[in-house]
Amino acid sequence: MKRPWTKDLSKLNKMELIKLQKDGLTILDDIERFATAGFAGIRAEDIELLKWAGVYVQKPRTDGYFMMRVKIPGGIMNAGQARTLAAIARDYGRSELQLTTRQAVQFHWIRVENLPDIFTRLTAAGLSSVEACGDCPRTVVGNPLAGIDPDEVIDARPLVEKVTRFFQGNPEFSNLPRKFKISISGSVDNPGHAEINDVAFTPAVKEIDGEQLIGFHVMVGGGLAAKPHMAVKLDIFVRPEEVVKVAAAVATIFRDFGYREQRFHARLKFLVADWGEARFRSELLKLTGPLPTRGKDLTRGWNGGYYYGVHPQKQTGLHYVGLAVPGGLLTAADMEELAELAVRYGDGSLRTTNTQNVILANIADNKVAALLDEDLLKRFTPFPQSFAGYAVTCTGNTFCNLATVETKRRLTSIVEYLDKHVKLDTPVRLHLSGCPNACGHHQIADIGLQGTLLNIDGKAIEAFELWLGGALGPGAAFATKLEGRIPAGEAAKAIEQLLNFFQVNKGEGETFA
Ligand code: SF4
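Keep in mind the model is a prediction, meaning the values are calculated, not measured.

Engineer: Help me out: how do you make sense of the site of the ligand in this one?
Structural biologist: As a structural note, the neighbourhood of the ligand is formed by 13 residues, with Cys394, Cys400, Ala403, Gly434 and Cys439 the closest of them. When the residues that make up the shell around the ligand are grouped by side-chain class, the tally is 7 nonpolar, 6 polar and no charged.

Next up, the structure:
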């Protein structure tokens with residue numbers, strides 16, 4: 001079928017021309033051939049399309065190693081899946097795993113020769129890396145407490161699964177202008193970070209024909225990066241059985257009307273900003289048919305994506321335990337141990353958060369104390385310090401070709417310093433991104449650091465921009481960038497001074513957030 005955007009090929013960016021020659025999903029048919037030919041035998045265009053298989057070339061591009069991202073829809077996996085991920089990391093990824101800010105899991109150090117076996121193992125475990133990267137619908141994020149959250153309005157797990165199944169490998173949506181991020185949550189605490197997704201479903205209630213119906217409100221066009229946009233709330237109310245239809249309609253609008261001339265301008269947020277709510281809604285309703293207008297929002301606030309400690313579930317006698325995973329970094333042995341603990345103390349499920357941490361669920365009353373006594377919980381503590389437990393960062397220049405700074409080790413040393421020197425009544429969320437693409441979500445942090453370079457005596461050194469005051473939920477606002485840049489080595493002391501100033505000058509009951 002001829003797509004509208006192919007009318008004038010001269011206006012399309014280079015990636016669009018590659019996608020017109022070959023659909024990203026068809027790269028899956030080439031994996032065996034690439035594995036036999038080796039890295040040097042893969043065309044540059046096919047390296048780009050390998051993103052649809054969930055693999056990116058890692059830094060430096062010439063070494064032939066890949067990063068691989070595996071989707072964990074809604075952040076919920078079982079122990080068998082966790083063990084599969086651990087085994088892949090051990091066999092092919094130097095025993096390292098990273099948790100991402102979209103509840104996914106990443107490996108590094110993957111060779112193209114390893115891909116066929118990795119795909120076989122993932123498929124057998126019911127996991128997939130397909131479309132975890134590329135210009136297509138990415139992993140669907142959600143409430144990591146779905147089904148166990150005492151305050152949950154709707155258990156959205158079946159919807160996360162349905163939407164994932166609808167888009168997964170769907171050739172109708174494999175050529176979008178850029179990535180497409182979906183969030184579905186029935187929680188009152190906005191754990192799916194609705195405002196920074198391309199389309200987000202948040203809980204709502206609407207009276208229709210005298211009946212109080214539970215469903216969703218819909219936000220579109222959110223995203224971070226160099227030009228962050230808050231998603232816009234549409235004046236519609238969506239019943240659970242209509243979620244797939246509405247998600248598909250938003251993706252269809254993005255596919256057919258989204259911008260394809262300049263890559264940086266190709267996200268849905270720019271189209272939504274240009275059209276406004278009314279036009280976007282009108283185009284949406286052409287695809288979905290009539291939908292009721294908005295009802296009452298049931299989002300109460302924003303939990304920042306943190307779940308530390310031991311908490312009662314909606315199921316009497318059961319608890320969930322939120323663990324801090326420093327830097328979102330795990331070894332294969334850590335992941336195996338988590339799977340083992342999930343089986344021994346809970347129902348075998350493990351949940352990942354968009355703050356790069358883990359939750360163990362369904363722990364019976366009489367098993368909580370023994371779980372807290374486990375060795376792994378000394379490192380992955382449920383009771384982290386104020387800064388170490390509230391620090392998020394992206395991969396940085398160790399692996400990412402776009403990064404300007406090293407991130408994981410830097411953030412560790414910054415939070416260690418702050419935990420030693422600054423005492424606060426309430427934790428401060430500190431997020432670091434290695435470049436303006438904002439994978440570390442620094443624009444929604446209390447204190448955000450964005451990697452940059454600073455020229456000192458003719459020499460470029462690693463530095464940070466400082467961003468303050470970001471938050472989502474009711475009253476959402478992006479952080480404000482302060483003037484100037486801080487040499488990376490001085491960031492910890494600069495933040496200490498800032499927080500000391502706050503402590504001295506704060507008003508009664510005022511928190512840094
Ligand atoms: Fe790479 Fe930049 Fe994203 Fe960090 S924020 S992972 S450096 S693209």
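Still more to cover.
Engineer: Whenever I open this one, the pairing of strand β19 (residues 447-456) confuses me. Can you help?
Structural biologist: Side chains on a regular strand alternate between the two faces of the sheet. With 4 bridges joining them, strand β18 (residues 430-433) and β19 adopt parallel strand pairing. Following the sheet pairing, Leu430 is matched in β19 by Ile447. Where β19 meets strand β20 (residues 459-468), 10 bridges bridge the pair, whose relative direction is antiparallel. In the strand pairing of β20, Asn455 is matched with Ala460. Connecting β19 to the next strand, β20, in antiparallel fashion are 2 residues, including Asp457 with a positive phi near 50°.

Engineer: How do you make sense of the pairing of β18 when you look at a structure like this?
Structural biologist: Side chains Leu430 and Leu432 of β18 all project onto a buried face; the interleaved residues His431 and Ser433 project onto the opposite face, where all are buried too. What joins strand β17 (residues 391-393) to β18 is helix α12 (residues 408-421), and the crossover it makes is left-handed.

Engineer: Help me out: how do you make sense of the sheet that holds strand β12 (residues 309-312) in this one?
Structural biologist: By way of backbone hydrogen bonds, the strands of a sheet pair with one another, either parallel or antiparallel. Overall, antiparallel pairing links the 5 strands, which are arranged β3-β15-β16-β13-β12 in an open sheet. Lying at the two open borders of the sheet, with one neighbouring strand each, are β3 (76-78) and β12. Neighbour-to-neighbour, the strand axes of the sheet open up by a mean angle of 30°, direction not taken into account. By the bridge criterion, 5 bridges tie strand β13 (residues 318-323) to strand β16 (residues 358-364) in an arrangement that is antiparallel. Bridge pairing in β16 links Val321 to Leu360. Those strands touched by helix α9 (residues 332-345) are β15 (349-352) and β16, and its axis lies near 20° from that of β16.

What counts as what
Residues numbered from 1 in each chain as written. Predicted model: local features only at pLDDT ≥ 70, side-chain atom pairs only at ≥ 80, totals over all residues. Near = placed C-beta within 6 Å. Nonpolar A, V, L, I, M, F, W, Y, C, P; charged D, E, K, R; others polar. Pairing = 2+ DSSP bridges. Helix = DSSP H or I, 4+ residues; strand = E, 2+ residues; numbered from the N terminus. Buried ≥ 20, exposed ≤ 12 C-beta atoms within 10 Å, placed from the backbone. Right-handed = clockwise from strand over helix to strand, strands pointing away. Axes fitted to C-alpha atoms, helices over the stretch in contact; angles between N-to-C directions. Contact = placed C-beta atoms within 7 Å.

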